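# Chain and residue survey
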Amino acid sequence: MVQYLPPDNLYGTAQDAMSYLVQDHRLSSAVSVVTFDILPINDVVTIIWPSAADATEDSTKRLFQDSDWSFFDFDDEGNDLEATVTIPSNVGTLQAPVSSCAVTAITNGMTVNCPTPDLGTFFDQMILVPVPDYYGAAVLNTSVVDSHTGPPVHTVNGTVLFIVEAVNDAPDLTNVAAGHSGLNGVEDTILSVTAPFVVFDRDAEGQNMLVTVECGDCKLALSGSPVGVTMLTGTNTKTLSFQASPADATTVLASNIQATPDHQFNGNTTLTITVNDQANTGTVAQESVMSTLLFFDAVADVPILSVQDATGNEDTDITALSTASTALGASSESLVKQVVTLGQTGSIVVGGTVVGPLQFSVGPMEDIVVRGPLHWAGDIAISVELFTSEPRNGDEASVVDNCTVTILPVATTPTINLIPTTVNVNEDQGKTFAIDAVLEDVDGSEILYAILSGVEGVITGATSLGGGVWRVESANFASIELIPVLDSGREFNVTVTIAAEETETNEKATVAQDISFSIFAIADPALLTTGNITIDEG
């Protein structure tokens, strides 16, 4: 028995032949040829699988490089191979490259009919569109069906395992308040910030965010003891930072930040929030930044006022020095007025003119000039209220200071209504005359009296001060009696000084007038003086 073994991969009609010779004993021979029709048998397709794929989170790109895939079929006669390729739906979708291959979409993949040489190129150029944010293990499932040249039909299945490399996504910082344009506060007042921002990071995986809050014109602090927060830097500084999960960071931004504007600051400033994910799933940290406006309304600041006590004399204008200024740093504000209130009496004087009895407004930088009642002495309590105004909104603030103006008593020159210029007196006889003089200061602080000097004689009801000087109290002005020196018969002048004396200080004010006294001589009766005479009797 003869066996025939065709060459490898040879098939077809009359593809081979065998000759054989038949010879008998007579050496007669005959040659015959046997032609072989070799039936085809389908060979298994040879596939070289890639060892890896190039895939990155959120990145649409080719999975393989040129020549990563290789398909070989011994039975290839230009017929197509049918390949099915799929990938799990949670990983992504496959995108066919531009080619002449026939592509049919199927669930999670596609079916490709392509000549063997083109199939490798098709697979090399397949594109992966990953599901957003997916990273991790992935598998590409491949099935190649070869039905060329007869039975049997071969199906070659295989997988390519690969990793979708993680990429660190920036955290999300979202303003969830529709129409939110900022927050309103008041100058020099703490503002509780309620920033409507939500922090989210799809890559967080339990990691904390680094949150930095900055304000150009205010100082920041965290209020209370927020849960899950690790404070890093900044208390009452322009920048603070803390670590917290996205959820806890959202809570802090909504309710735990306090902003104190810089002293005297008003207007707009910016609150900037930066959320850094600290490279949660990658090597490079990503961050998001968002800001909101803070508006601090202007408030008039209490001005600075100092009014000093003052002392002056009765019947003169007395100045209480007033030092006034706006609050330190309140450059936009202006002083507008001072309201002066006198406690019980007196008047306010501006430019030498009385402008108000007990209360009046004067210029904000003017000293306080006070005039007491005529011929009045005592203390006047003064209250001064200084006002400042904020031009941005008309807001006013004021401060009150008090002082005392002490008016010292001063003797006021009395008035002489009538004093005789000449008084005639008979020798050795008394003469009564009158003085008409009054006090100008009638508040009871002064006394009135007269000093008569140059008197040659006696003034009845008066007090002798010696040397011809006598003091007459005002109660006796209506009846003053002069008794001249005995047997005086000449003229002499008496100076009458009317004095007003302050009882508290003994200060005196005087006015004087002379009286000429003429003493008329009168003959005295003759006196006869005899001695004793002794006469003898008879």
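Just so it is clear, the model here is predicted, and its values are computed rather than measured.

Across its full length, the protein chain holds two helices and 46 strands. Taken across its 538 residues, the protein chain has 39% of its residues classed as buried. Within the protein chain, residue pairs in contact and separated by at least 24 positions form 67% of the contacts whose partners lie at least 6 positions apart. Summed over all atoms, the accessible surface of the protein chain reaches about 27,800 Å², with 52% contributed by carbon and sulfur.

Once that is clear, we can look at the packing of aromatic side chains. Tallying each qualifying case throughout the model produces nine aromatic pairs. Their ring planes at 75° and their centres at 5.4 Å tell us that Phe71 and Phe123 sit as a pair that is edge-to-face. Of this pair, Phe71 sits in strand S6 (residues 70-72) while Phe123 is found in helix H1 (residues 116-124), placing the two residues 52 residues apart along the sequence. This pair shows no difference in class: Phe71 is buried, exactly as Phe123 is.

The tally for this structure, following the rule as stated, stands at two disulfides. Covalently, Cys101 is tied to Cys114 through a disulfide, its sulfur atoms 1.6 Å apart. Negative torsions about the S-S bond denote left-handed disulfides, and the value of about -40° found for Cys101 with Cys114 makes this one left-handed. Of this pair, Cys101 sits in the loop between strand S8 (92-95) and strand S9 (102-106) while Cys114 sits in strand S10 (residues 109-115), and the two are 13 residues apart along the sequence. You'll find Cys101 and Cys114 in the same group, each marked buried. In this model Cys215 forms its disulfide with Cys218; the gap between the sulfur atoms is 1.8 Å. Handedness of the Cys215-Cys218 disulfide follows from its S-S torsion of about 120°: it is right-handed.

Criteria and thresholds
- Residues numbered from 1 in each chain as written.
- Predicted model: local features only at pLDDT ≥ 70, side-chain atom pairs only at ≥ 80, totals over all residues.
- Heavy atoms only, no water.
- Helix = DSSP H or I, 4+ residues; strand = E, 2+ residues; numbered from the N terminus.
- Buried < 20%, exposed > 50% of the residue type's maximum accessible area, 1.4 Å probe, protein only.
- Contact = heavy atoms within 4.5 Å.
- Areas by Shrake-Rupley, 256 points an atom, 1.4 Å probe, with all protein chains shown as cover.
- Phe/Tyr/Trp six-rings, centres within 6.5 Å; stacked < 30°, edge-to-face > 60°.
- Disulfide = S-S within 2.5 Å.

Honestly, it's all geometry; don't read function into it.
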